[in-house]
Amino acid sequence: MAAKTDQRGNSRVIFERGIPAQMMGIDGTWRRDCTMEDVSESGAKLTIDGSVEGLHLKEFFLLLSSTGLAYRRCELAWVNGDQIGVNFLKLGDKKKKVRSTSVGA
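Residues numbered from 1 in each chain as written. Predicted model: local features only at pLDDT ≥ 70, side-chain atom pairs only at ≥ 80, totals over all residues. Heavy atoms only, no water.

For the protein chain, the name recorded in an unreviewed UniProt entry is PilZ domain-containing protein, with Bradyrhizobium xenonodulans as its organism.

This is the structure in structure tokens:
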């Protein structure tokens, strides 16, 4: 396990052998085994087992335990072959913004 700082200034932990994990659709309709290659506070790099074709990767869960109790909500950042980059979504992200209405004079 090694640590380095990435382009965004986040401290990133790189795993020598990777950490087994699973990706799961927000609606629970699909799962895919993957390996977490590195992780930071804001995201991770994953190597996916099998094809990502047909999966809704815009937003999904990254399951870090076999029971599903440790997980992060993710959005796709980039794809390079069987590897993807994900951004972790924090509570409150992706909520609809309340529009302010202006009153004309």
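## Some remarks on the side chain of Asp38
One can find Asp38 in strand β3 (residues 31-39). Given the relative accessible area of 8%, Asp38 is considered buried. Within the structure, Asp38 has its side chain in polar contact with the side chain of Arg12 (distance 2.6 Å). Among residues more than four places away in sequence, those in contact with Asp38 are Arg12, Val13, Ile14, Phe15, Ala44 and Lys45. (Helix = DSSP H or I, 4+ residues; strand = E, 2+ residues; numbered from the N terminus. Buried < 20%, exposed > 50% of the residue type's maximum accessible area, 1.4 Å probe, protein only. Polar contact = N/O pair within 3.5 Å; in protein donor to acceptor, adjacent residues only side chain to side chain. Contact = heavy atoms within 4.5 Å.)

## Things to note about the state of the cysteines
Counted by the stated rule, this structure contains 0 disulfides. Here Cys74 stays free of any disulfide, with the sulfur of Cys34 as its closest cysteine sulfur at 8.8 Å. For Cys74, a relative accessible area of 0% gives the class buried. (Disulfide = S-S within 2.5 Å.)

## A short note on the nonpolar core
Formed by 18 residues in total, the largest nonpolar core has its most connected members in Met23, Leu46, Phe60, Leu62 and Val86. When contributions to this core are tallied by element, the ones reaching two or more residues are β2 (11-25), β3, β4 (43-48), β5 (59-63) and β7 (83-88). Contact partners of Phe60, with chain neighbours within four places excluded, come to Met23, Met24, Gly25, Ile26, Trp30, Arg72, Arg73, Cys74, Leu76, Ile84 and Val86. (Core = buried A, V, L, I, M, F, W, Y, C linked by side-chain atoms within 4.5 Å.)

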